[in-house]
Amino acid sequence: MNDFEAHVIALNELLGQIAREHEWLVAAQREHQAVSGVTRPETVRAWLAQNYRFEQPMALENVVADVGGKLRQWGVQVTHPRYFGLFNPTVPGAGVVGDALTAHLNPQLATWSHSVAATEIERHLIRFLAPSIGFDPETTFGCFTTGGQESNLTAVILALTHQFPTFGATGLRGLDAHPLIYLSAEGHHSFHKIAHATGLGRHALRIVPVESKRLRMDVRALRRAIEADRPTPTDSSPPGAPSRSAVVPAMIVATAGTTTAGAIDPLSEIADVAAEVGAWLHVDAAWGGAAALVDSLRPYLGGIERADSVTWDAHKWLSVPMGAGLFFSKHPAAVEAAFAATTGYMPAGSASARDPYSTSLQWSRRFIGLKLFLALAEIGAAGLAARIERQAEMGRLLREKLIAAGFFAINETPLPVVCFSHPQIESGAIRAGAVASRLHEAGRAWISKVVFATGRTALRACITSYLTDSSDLDVLIAELAHALST
Ligand SMILES: *Cc1c(COP(=O)(O)O)cnc(C)c1O
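What comes next is a walk through the structure. (Residues numbered from 1 in each chain as written. Predicted model: local features only at pLDDT ≥ 70, side-chain atom pairs only at ≥ 80, totals over all residues. Heavy atoms only, no water.)

### Some details on the overall build of the protein
Across its full length, the protein carries 15 helices and 11 strands. Against the 2.2 N^0.38 benchmark of 23 Å for 486 residues, the protein shows a C-alpha radius of gyration of 24 Å, consistent with a compact globule. Overall size of the protein, expressed as C-alpha extent along the three principal axes, is 70 × 70 × 50 Å. When each of the 486 residues of the protein is scored for burial, the buried share is 49%. Considering only intrachain contacts with a sequence separation of at least 6, the fraction spanning at least 24 residues in the protein is 71%. (Helix = DSSP H or I, 4+ residues; strand = E, 2+ residues; numbered from the N terminus. Rg over C-alpha atoms; globule rule 2.2 N^0.38 Å. Buried < 20%, exposed > 50% of the residue type's maximum accessible area, 1.4 Å probe, protein only. Contact = heavy atoms within 4.5 Å.)

Printed below as a string of structure tokens:
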């Protein structure tokens, strides 16, 4: 063995050690680390201004110790087993190693030829995951993205490209139609930014009401909304406004696991509507997509297989470090049309191994898939499914414990998120936001306040860590009781 080989082995061993230290530390946060605290921006700015003028070189070990300490102190510790906030998971050591190895080798995934192993590893993962959402791995286009926002943007670009062949060349201005996107009131707000960024305009979003109890898209209201947008013979638009007679239902977004309440829109019924009106069906399963890997949860996603495209974040319920999104579509031709690019300086790709820069939004591309690949390889598909299922069970247990403690649940979902309130909150004795703030200050468990599209306010607790156990739920309940009593 030569020196180089010996050092490669040493590095691999160190990476393994990082994985083990990471896993020990995330679990030990329960005993030794607050989930959150209160920090003023002035405190952080003063520390930076005093210590980091970058005038003298500094020893890396010292900087890491200093910055690492501040990161633990000043910020919400989302990997903590008692972080019950938004979908920011505890990550396994394999995920950390995936990002470290990616940074070490820094592969450029713009082109296949530069990063043969890396692009093929991502392709392998896409083909492995596609069947779980009922997509055929042979014909599905899939890619890694930075997250749900990029995946949803990709979906809108493909929908427009597919529906309107001239869109790519002459843009929205060249269309005589005015494309609309239908989305539930509980759908993700990334679509507002996307409507803005694509030039569709925020008014091109049609916000469909949800059923009052299950908070799923009300399909009859969807039909009514589409009907109301249909051209009528008597239609006369105000001057300057796009002619209503030209509006087209270009896309329907169904959400499988809403951000607020984990509601799963009735996917099959929405797919029927999309088929009837010729709209592109996008399923935003950024969080809920992971349910597709679990036999007991998969039926709740029934209908997802009829989507034209799907958003599914690996950095949410697949528990790998940010940013790791997934995007799937049944329309590779639209992908080719939308993202085609040829230059004199990029090596030419081939039909059998497409270059990611010409089939996706990104150009220079990080090896996003490695952290998922390592995590999945280490735990196995059954192990990952068991992890996801256990979190769903913790969600059910949390619901029971909250009810036993005098709270009541507002949402209904098989996914592990509980939106809840308490008679004292309903009577106005204390506001939901004040309860959440008291927990944040105490730092023993972190939950959020939510406001539904209806204006109703509630508390929201989500199982985002695969380490969360029954004792963590008990601490949360005790903290809530304490916040209500003080
Ligand atoms: C989180 C989320 C998004 C946005 O995804 P990012 O990865 O944060 O960009 C989109 N849709 C839903 C339903 C989400 O929960």
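### Some thoughts on the nonpolar core
Formed by 89 residues in total, the largest nonpolar core has its most connected members in Ile252, Val283, Val310 and Phe328. The biggest single contributor to this core is helix H12 (residues 370–404), with 7 residues. Residues Met394, Phe420, Leu476 and Leu484 belong to the second largest nonpolar core, which totals 25 residues. (Core = buried A, V, L, I, M, F, W, Y, C linked by side-chain atoms within 4.5 Å.)

### Observations concerning the site of the ligand
Around the ligand, the structure places 14 residues, and the nearest of them are Gly148, Asp284, Asp313, His315 and Lys316. At 2.8 Å, a backbone N or O of glutamine 149 approaches an oxygen atom of the ligand. Coverage of the ligand by the protein chains reaches 84% of its 380 Å² of free accessible surface. It is helix H6 (residues 148–163) that contributes the most residues to the shell around the ligand, 3 residues altogether. Residue composition of the shell around the ligand, by class: 2 nonpolar, 9 polar and 3 charged. (Near = heavy atom within 4 Å. Polar contact = N/O pair within 3.5 Å; in protein donor to acceptor, adjacent residues only side chain to side chain. Areas by Shrake-Rupley, 256 points an atom, 1.4 Å probe, with all protein chains shown as cover. Nonpolar A, V, L, I, M, F, W, Y, C, P; charged D, E, K, R; others polar.)

### Thoughts on the sheet that holds strand E9 (residues 417–421)
With antiparallel pairing, 4 strands are arranged side by side in an open sheet as E8-E9-E11-E10. Where the open sheet ends on each side, the last strands, each with one partner, are strand E8 (408–409) and strand E10 (448–451). Where E9 meets strand E11 (residues 457–462), 4 bridges bridge the pair, whose relative direction is antiparallel. The residue of E11 that forms the bridge with cysteine 419 is arginine 460. Contacts from helix H14 (residues 432–442) reach E10 and E11 within the one sheet, and its direction differs from that of E11 by about 35°. (Pairing = 2+ DSSP bridges. Axes fitted to C-alpha atoms, helices over the stretch in contact; angles between N-to-C directions.)

### So, helix H11 (residues 332–339)
Three or more residues of H11 are buried, namely Ala334, Val335 and Phe339. Down the axis of H11, the smallest arc covering the buried residues is 105°, so these residues share one side. Every exposed residue of H11 that faces more than 90 degrees away from the buried side is listed here: Ala333 and Ala337. Considering only its buried residues, H11 is in contact with strand E1 (141–145) and H6. (Arc of directions from axis to C-beta.)

### A few points about the packing of helix H1 (residues 3–32) against helix H4 (residues 93–105)
Running from N to C, H1 and H4 point in directions that differ by 140°, and their axes come no closer than 8 Å. Looking at the two axes, H1 sits oblique to H4. Considering only the axes of H1 and H4, their crossing is right-handed. Between H1 and H4, the contacting residues are Leu11, Leu15, Ile18, Ala19, His22 and Glu23 on the first element and Gly93, Ala94, Val96, Val97, Ala100, Leu101 and His104 on the second. The residue makeup of the contact of H1 with H4, split by class, is 9 nonpolar, 3 polar and 1 charged. (Parallel < 35°, antiparallel > 145°, perpendicular 65-115°, else oblique. Left-handed = near helix turned anticlockwise from the far one by under 90°.)

### Comments concerning the environment of lysine 449
Locating lysine 449 in the fold gives a position in strand E10. For lysine 449, a relative accessible area of 43% gives the class partly exposed. Along the chain, lysine 449 and alanine 169 lie 280 residues apart, while their C-alpha atoms are 45 Å from each other.

### Observations regarding the pairing of E11
Of all 6 residues in E11, 5 are buried; the element is thus mostly enclosed. Summarising the sheet, E10 and E11 pair through 4 bridges and their orientation is antiparallel. Each bridged residue has a counterpart across the sheet, and for valine 450 the counterpart in E11 is alanine 458. Where E10 hands over to E11, the hairpin turn is made up of 5 residues, of which glycine 455 adopts a positive phi near 100°.

### Re the side chain of serine 465
Within the fold, serine 465 resides in the loop between E11 and helix H15 (470–485). At 3.0 Å, the side chain of serine 465 and the backbone nitrogen of leucine 467 are in polar contact.

### With respect to the side chain of serine 360
Position of serine 360 among the secondary structure elements: in the loop between H11 and H12. When its relative accessible area of 5% is taken as the criterion, serine 360 is described as buried. Only 2.8 Å separates the side chain of serine 360 from the side chain of arginine 365, close enough to count as a polar contact. When sequence neighbours within four positions are dropped, the list of residues in contact with serine 360 reads Cys143, Phe339 and Arg365.

### As for the packing of aromatic side chains
Applying the stated criterion across every chain yields a total of 9 aromatic pairs. On the numbers, 5.5 Å between centres and 35° between planes, the contact of tyrosine 83 with tryptophan 446 is tilted. Placement of tyrosine 83 in the loop between helix H3 (60–73) and H4 and of tryptophan 446 in the loop between H14 and E10 is noted, with a sequence separation of 363 residues between them. Each ring, one from phenylalanine 87 and one from tryptophan 287, has its centre 4.3 Å from the other, and the planes form 15°; the classification is stacked. (Phe/Tyr/Trp six-rings, centres within 6.5 Å; stacked < 30°, edge-to-face > 60°.)

### Things to note about the pattern of salt bridges
Side chains carrying opposite charge are able to pair once their charged atoms draw close together. The full count for this structure, using the stated rule, is 21 salt bridges. Taking the shortest distance from any N to any O, the salt bridge between glutamate 138 and arginine 127 comes out at 2.9 Å. Of this pair, glutamate 138 sits in the loop between helix H5 (116–129) and E1 while arginine 127 sits in helix H5, and the two are 11 residues apart along the sequence. Accessibility expressed as a relative area gives 28% for arginine 127, which makes it partly exposed. (Salt bridge = Lys/Arg side-chain N within 4 Å of Asp/Glu carboxyl O.)

### Side note on the environment of valine 253
Its location among the elements puts valine 253 in strand E4 (residues 247–255). Taking the C-alpha atoms as reference, valine 253 lies 4.8 Å from histidine 282; in sequence the two are 29 residues apart.

### Side note on the pairing of strand E2 (residues 178–184)
Counting buried positions along E2 yields 6 of 7 residues, so the element is predominantly enclosed. Sheet analysis places E2 next to E4, joined by 6 bridges and oriented parallel. Bridged to leucine 183 within E4 is valine 253. Relative to strand E3 (residues 205–208), E2 is paired through 4 bridges, and the arrangement is parallel.

Honestly, it's all geometry; don't read function into it.
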